[in-house]
Amino acid sequence: MNRFPLYSSRAHLYDLIYQDRDYEKDAARLHEILSSLRVPDGSAILEAACGTGRYLKHLRDVYHVSGFDKSPEMLAIAREKVAGVPLFEADMGCFEIDDEVSAVLCLFSSIGYLIGEQEIAKAFQCFNKALKADGVVVIDPWVSPSQFRGGTVNMQTYSSPELKICRQHYSRREGRLSLNDFHWMIGRQGMGIETFQETHELWLCEPERMVALLNDNGFQGSILTDGLRPGRPLIIGRKVP
């Protein structure tokens, strides 16, 4: 059972609170990167932790896409958004697919929810098994320990005539864990105001250490400094035959 309301009972809020994220632009950049990695258009691409399918919605125009997520509620939304795309429920550390793919994508800091090197290594082993010979993995990681800034407060909002959302985010750190406290206020016309809070724990890992973990689990890893967001690299791994 997913302990985060945003990924379970409140999954319908996910796309609303991230309305300003430019998934189309990110998908275009991913296309550039995959092309540079010799993954041709029309290749089979698997997205790990695909959420509500917003990346798949754009990538399906170029690739034969599929995806998985551990949240059935998020997958239900994705199935409406990308009807016909193969989707299945699974965890990054213990999944299998029938047909190997040319690339595995793990985006929007999803890898950060794997706590510790052992969990990350298990996921990398599964990614490796899912790939064709010479296939690639592209990881959009969570921030590194040196990048993390605790004590900051951020706010995101959404507004329509029927629905108003405010989410405030406070970040703090305990050792290698970043603790992200989210406080939600949701107002619905004629229904009043609902509040809830959740704390997301994400593991802080240096890009160089993630590359080393790739190298230990059947890949040749590297860092791509020009990622999807300023100051945030991508981690690339090519499967070693």
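Quick notes on the rules
- Residues numbered from 1 in each chain as written.
- Predicted model: local features only at pLDDT ≥ 70, side-chain atom pairs only at ≥ 80, totals over all residues.
- Heavy atoms only, no water.
- Core = buried A, V, L, I, M, F, W, Y, C linked by side-chain atoms within 4.5 Å.
- Buried < 20%, exposed > 50% of the residue type's maximum accessible area, 1.4 Å probe, protein only.
- Helix = DSSP H or I, 4+ residues; strand = E, 2+ residues; numbered from the N terminus.
- Contact = heavy atoms within 4.5 Å.
- Pairing = 2+ DSSP bridges.
- Axes fitted to C-alpha atoms, helices over the stretch in contact; angles between N-to-C directions.
- Right-handed = clockwise from strand over helix to strand, strands pointing away.

> It is not clear to me how the nonpolar core should be interpreted in this structure. Could you clarify?
Across soluble globular proteins, nonpolar side chains have a tendency to be buried as a group. In this structure, L34 and W184 are the most contacted members of the largest nonpolar core, which totals 44 residues. Here this core takes five residues from helix α2 (residues 23-36), the largest share from any one element. Contacts of W184, omitting those with residues within four sequence positions, involve L6, L13, I17, I165, C166, R167, E194, T195, F196 and E198. Within the second largest apolar cluster, 30 residues are counted, among which are A130, L179, C205 and L213.

> Can you help me understand the sheet that holds strand β11 (residues 232-239) in this one?
A sheet is described by the order of its strands in space; here seven strands give the open sequence β3-β2-β1-β4-β5-β11-β10, paired in mixed fashion. Here the strands that pair on one side only, and so sit at the sheet edges, are β3 (87-89) and β10 (219-229). Across the sheet, the mean angle separating the axes of adjacent strands is 20° when strand polarity is ignored. In this sheet, strand β2 (residues 64-69) lies alongside strand β1 (residues 44-48) in parallel orientation, the contact comprising five bridges. Paired with A48 across the bridge in β2 is F68. Along the sheet, α2 makes contact with β1, β4 (101-106), β5 (131-139), β10 and β11, crossing β10 at roughly 145°. Along the sheet, helix α5 (residues 117-130) contacts β1, β4, β5, β10 and β11; its crossing angle with β5, the most-contacted strand, is approximately 135°.

> Sorry, what's going on with the sheet that holds strand β9 (residues 192-203) here?
Hydrogen bonding along the main chain pairs the strands of a sheet, whether they run parallel or antiparallel. Read across the sheet, four strands follow the order β6-β7-β8-β9 without closing on themselves; strand pairing throughout is antiparallel. On the outer flanks of this sheet lie β6 (153-159) and β9, each paired with one strand and no other. Averaged over all pairs of adjacent strands, the angle between strand axes in this sheet comes to 15°, irrespective of strand direction. Note: strand β8 (residues 177-188) against β9, 12 bridges, orientation antiparallel. Directly across from H183, in β9, lies its bridge partner Q197.

> Teacher, can you tell me more about the pairing of β2 here?
Regular strands place their side chains on alternate faces of the sheet. With five of six residues buried, β2 lies mostly within the body of the structure. What joins β1 to β2 is helix α3 (residues 54-59), and the crossover it makes is right-handed. As paired strands, β2 and β3 are joined by three bridges and run parallel to one another. Bridge assignment links F68 to a residue of β3, and that residue is F88.

> Is there a simple way to explain the environment of A49 in this structure?
Secondary-structure assignment places A49 in the loop between β1 and α3. Remark: the alpha-carbon pair of A49 and D69, spanning 20 residues in sequence, is separated by 4.4 Å. Not counting residues up to four positions away in its chain, the partners in contact with A49 are F68, D69 and S110.

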